[in-house]
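Residue-level listing of the chains:
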Amino acid sequence: MAYDDLRDWIKTLEEHGELKRIRAELSPELEITEITDRVSKSSGPALLFENVKGHPGHQVFINQFGSERRMDLALGVNSLDAISDRISALLNLKAPEGLLDKLKMLPQLGELSSAFPKTVPSKNAPCKEMIRRDHFDLNYFPILKCWPHDGGRFITLPCVVTRDPRSGKRNIGMYRMQVYDGQTTGMHWQRQKVAAEHYRNAMRASVAQNSSEGPLHAMVAAMAESAGGACAIPDSPIGGLPQIALGNLRGSRLEVAVAIGTDPATTFAAIVPAPPEVEEYLIAGFLRGSPVEIVQCETVDLQVPARAEIVLEGYVELGELRAEGPFGDHTGFYTLADQYPVFHLTCVTHRRNPIYAATIVGAPPMEDAWMGKAVERIFLPAMRISIPEIVDIHLPVEAVFHNLMLVSIRKSYPGHARKVMNAIWSLGQAMFTKIIIVVDEDCDVQNIPEVVLRVANNIDPERDIQFTLGPIDSLDHASRLPNYGSKMGIDATRKWQAEGFTRPWPDLIEMDRATKARIDALWPNLGL
Ligand SMILES: Cc1cc2nc3c(=O)[nH]c(=O)nc-3n(C[C@H](O)[C@H](O)[C@H](O)COP(=O)(O)O)c2cc1C
Ligand SMILES: [Mn+2]
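Computed from a predicted structure; not experimentally measured.

Conventions we followed
Residues numbered from 1 in each chain as written. Chains lettered and ligands numbered in written order. Predicted model: local features only at pLDDT ≥ 70, side-chain atom pairs only at ≥ 80, totals over all residues. Heavy atoms only, no water. Pairing = 2+ DSSP bridges. Helix = DSSP H or I, 4+ residues; strand = E, 2+ residues; numbered from the N terminus. Axes fitted to C-alpha atoms, helices over the stretch in contact; angles between N-to-C directions. Contact = heavy atoms within 4.5 Å. Donors = N, O, S within 2.8 Å, 3.2 Å for Na, K, Ca; no water. Buried < 20%, exposed > 50% of the residue type's maximum accessible area, 1.4 Å probe, protein only. Parallel < 35°, antiparallel > 145°, perpendicular 65-115°, else oblique. Left-handed = near helix turned anticlockwise from the far one by under 90°. Nonpolar A, V, L, I, M, F, W, Y, C, P; charged D, E, K, R; others polar. Right-handed = clockwise from strand over helix to strand, strands pointing away. Near = heavy atom within 4 Å. Polar contact = N/O pair within 3.5 Å; in protein donor to acceptor, adjacent residues only side chain to side chain. Areas by Shrake-Rupley, 256 points an atom, 1.4 Å probe, with all protein chains shown as cover.

Participant: I tried to follow the sheet that holds strand E21 (residues 435-440) on my own but got confused; where do I start?
Facilitator: Sheet strands pair by backbone hydrogen bonding; their relative direction is either parallel or antiparallel. Strand order in this open sheet of five strands is E19-E20-E21-E23-E22, and the pairing throughout is mixed. Lying at the two open borders of the sheet, with one neighbouring strand each, are strand E19 (390-394) and strand E22 (465-471). Along the sheet, successive strands turn relative to each other by an average axial angle of 20°, direction set aside. As paired strands, E22 and strand E23 (residues 484-491) are joined by seven bridges and run antiparallel to one another. Bridging from a neighbouring strand, Gln-466 pairs with Gly-489 of E23. Contacting E19 and strand E20 (404-409), helix H11 (residues 367-386) runs over the sheet at an angle of about 160° to E19. Contacts from helix H12 (residues 416-425) reach E19, E20, E21, E22 and E23, with the element oriented near 150° to E23.

Here is the structure:
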């Protein structure tokens, strides 16, 4: 079942007793965070703040995904496994053999066709109820300052739309935006994310067009390759050179549109680590089981969800960077300031009385823990396409997403656990996984005590721990360099003779079934 838009979703949450309206006057600076943090930590409801200090008539909607039940509701399922099953069925499609097979495929083909977005005219797009080309000011919206040492106010739940200058494909990613002033924000797409690659592709295209100078060309290309979304590293080995080169790019732009407050499937699609070539509009349509309605922007050649509450249109100027942060992040620490592109607004459109949708991140568990859980469940079938021996995975919330992945596998050959680690480190955003623990299939990775027992008992640390180097999440504050550092894999599977283990391996202790059954029958009378 599909929600038309954010308002339809809010209505449903209210009907299910999953929404609380807060009428007390509260400041968008820190106070809304403190309340939301307490509510998140106690598995409380979604919140609609109706009386935001300094923003009469505006509402802040927060914690919409903050429980397993709401995440299920958001995606219209009873359990996230239902979505995994739908994806598995789709991925397992075999070429039909005969009419009956073809008929059986019809529902899945129907699912596929609902994935394609539907363009609507501006007059049918609620996000165009108010169109402000001039005299707009971001401070009109109740944007939150989340934590005491944050560098300012941040838009925390934006669906950022860009188009790849090479392929023409659109991407939606959720990248936070620091408000610098009424017309500009930061654009915190990390260098490994899809929009950062669009940005680099725009740079490459611009350099190819504008520069006939060999060395300059090479320099900018090297810079684009080496850096990325945030394209200059202060202590980069190419030192001051990029700054000279960047000057030549000024004037070239990558267009960007940002939708805030969309239907929940579309918001969720913006965080899904989909393959770069897959448009999130397709994912949202598939998840909703109904096409996303999109509309052409006013000042840029991009399309946005037509029923969004707020749309910001504009561009980033290639080569322009500015300090972004600090920001109290989902790691539980502040991420420090770093250089990121700047988003310039050219137009703001919004619904009448727009509802401002936001989230708060911080020490887990927060709302995003549940989004992460949904990603984990939904991506399992996709992971199994390339790594079919995976039985289950678990990313414990306390470890903050990709810092720790527990994986159970059907071990079939010597070194299999290490093969799986390497495969995970090469799989899209799973590249960020800092620690991977691999166990045998009979260990339930959702059961942390069981995993700890296996790891502590099954490893000879020097033999079973593997270190490797690779890309690291930009938010990691411990790696030796920003974005680059080490990872650890722990092979906690049973070791085989073929792996050089010649001692006998003991069985796990388990009671036999007959005894269990006898005691089960006696149990109610034992007074225990
Ligand atoms: C609340 C929230 C905030 C996020 N903020 C950022 C961010 O500021 N920068 C970033 O690169 N990724 C951020 N992410 C993660 C990305 O949304 C995620 O990696 C997504 O898959 C990126 O889309 P892409 O693969 O199309 O680039 C955030 C995720 C959530 C749930
Ligand atoms: Mn994407």
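Participant: Which parts of the structure should I look at to understand the coordination of the manganese ion (ligand 2)?
Facilitator: Six octahedral donors at a metal ideally form angles of 90 or 180 degrees, and four tetrahedral donors ideally form angles of 109.5 degrees. For the manganese ion (ligand 2), the protein coordination sphere consists of Asn-171 (OD1) and Glu-280 (OE), at 2.1 Å. In this pair, Asn-171 sits in strand E8 (residues 170-173) while Glu-280 sits in helix H10 (residues 280-288), placing the two residues 109 residues apart along the sequence. Classification of Glu-280 as buried rests on a relative accessible area of 5%.

Participant: I'm lost on the packing of helix H4 (residues 80-91) against H11 in this one. Help?
Facilitator: The relative placement of two packed helices comes down to the angle between their axes together with the axis-to-axis distance. Two elements in contact, H4 and H11, have axes separated by 9 Å at closest approach and are oriented at 20°. By the angle between their directions, the pair H4 and H11 is classed as roughly parallel. Where H4 crosses over H11, the two elements pack in a sense that is right-handed. Here H4 contributes Leu-80, Asp-81, Ile-83, Ser-84, Ile-87, Ser-88 and Leu-91 to the contact with H11, which in turn contributes Lys-373, Ala-374, Arg-377, Ile-378, Pro-381, Ala-382 and Ile-385. Grouping the amino acids of the contact of H4 with H11 by side-chain chemistry returns nine nonpolar, two polar and three charged.

Participant: How do you make sense of the pairing of E21 when you look at a structure like this?
Facilitator: On a regular strand, each side chain points to the face opposite its neighbour's, so the side chains alternate between the two faces of the sheet. Burial analysis of E21 places five of its six residues in the buried class, the great majority of the element. One ladder, built from six bridges, connects E20 with E21; its direction is parallel. Across the sheet, Ile-409 pairs through a bridge with Asp-440, a residue of E21. Read from E20 through H12 to E21, the crossover connection turns out right-handed. Where E21 meets E23, four bridges bridge the pair, whose relative direction is parallel.

Participant: Any chance you could explain the site of ligand 1 here in plain terms?
Facilitator: The environment of ligand 1 is formed by 20 residues, the closest being Asn-171, Met-174, Tyr-175, His-188 and Gln-429. Val-194 places a polar main-chain atom, nitrogen or oxygen, 2.9 Å from an oxygen atom of ligand 1. With respect to ligand 1, the backbone of Ile-271 contributes an N or O atom lying 3.1 Å from an oxygen atom. Protein chains bury 90% of the 630 Å² of accessible surface belonging to ligand 1 in isolation. Counting residues per element, the shell around ligand 1 draws most heavily on E8, which supplies three residues.

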